[in-house]
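Here is how the chains run, residue by residue.
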Amino acid sequence: MNDEIEPILVGDTDDIEIGSVENFEYEDNNFAIFRLESGFFSTQGNCNCEERAPLSEAEIEDEELECVSCGNTYSIVSGDCISEPELDGLKIFDISEEDGSIYLSL
Ligand code: FES
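A. Fine view of the pairing of strand β9 (residues 101-105). Here 4 bridges tie strand β1 (residues 8-12) to β9, and the two strands are oriented antiparallel to one another. Looking at β9, one finds that Leu 9 is bridged to Tyr 103. In this structure, strand β8 (residues 92-98) lies alongside β9, joined through 5 bridges in antiparallel fashion. Within β9, the residue paired with Ile 95 across the bridge is Leu 104. The turn joining β8 and β9, which pair antiparallel and follow one another in sequence, is formed by 2 residues; a positive phi near 50° is taken by Asp 99.

And the structure:
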């Protein structure tokens, strides 16, 4: 039996500018979709701590995001918390590009 879930179409690659992030909602879950110089990345849509700040509002610098609420910084690539490494990291998801479209794998 094949348990693999089909990748989910997020949108066109041109929908997101390099150096920016968009929120993507799928089945009541939010995902943050980042487009960096090095490609597309995805994390959970809301930050970990109590404030649950939307990561689509985060500041981006190179491959790091800064949460607008608490100011913690995370690697967009690994999800690790950089400012306070003892904090839980962000969940990251596979994202791929094909024929001008972006797909998320859960
Ligand atoms: S909401 Fe607290 S670090 Fe993002």
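B. Local environment of the sheet that holds strand β5 (residues 59-61). Taken together, 3 strands build an open sheet; the order of strands is β5-β6-β7 and the sheet is antiparallel. Unpaired on one side and paired on the other, β5 and β7 (73-75) mark the two borders of the sheet. Across this sheet, the average inter-strand angle for adjacent strands is 25°, counted without regard to direction. As paired strands, strand β6 (residues 64-66) and β7 are joined by 3 bridges and run antiparallel to one another. For Leu 65, the partnering residue across the bridge sits in β7 and is Tyr 74.

Thresholds, definitions, all that
- Residues numbered from 1 in each chain as written.
- Predicted model: local features only at pLDDT ≥ 70, side-chain atom pairs only at ≥ 80, totals over all residues.
- Heavy atoms only, no water.
- Pairing = 2+ DSSP bridges.
- Helix = DSSP H or I, 4+ residues; strand = E, 2+ residues; numbered from the N terminus.
- Axes fitted to C-alpha atoms, helices over the stretch in contact; angles between N-to-C directions.

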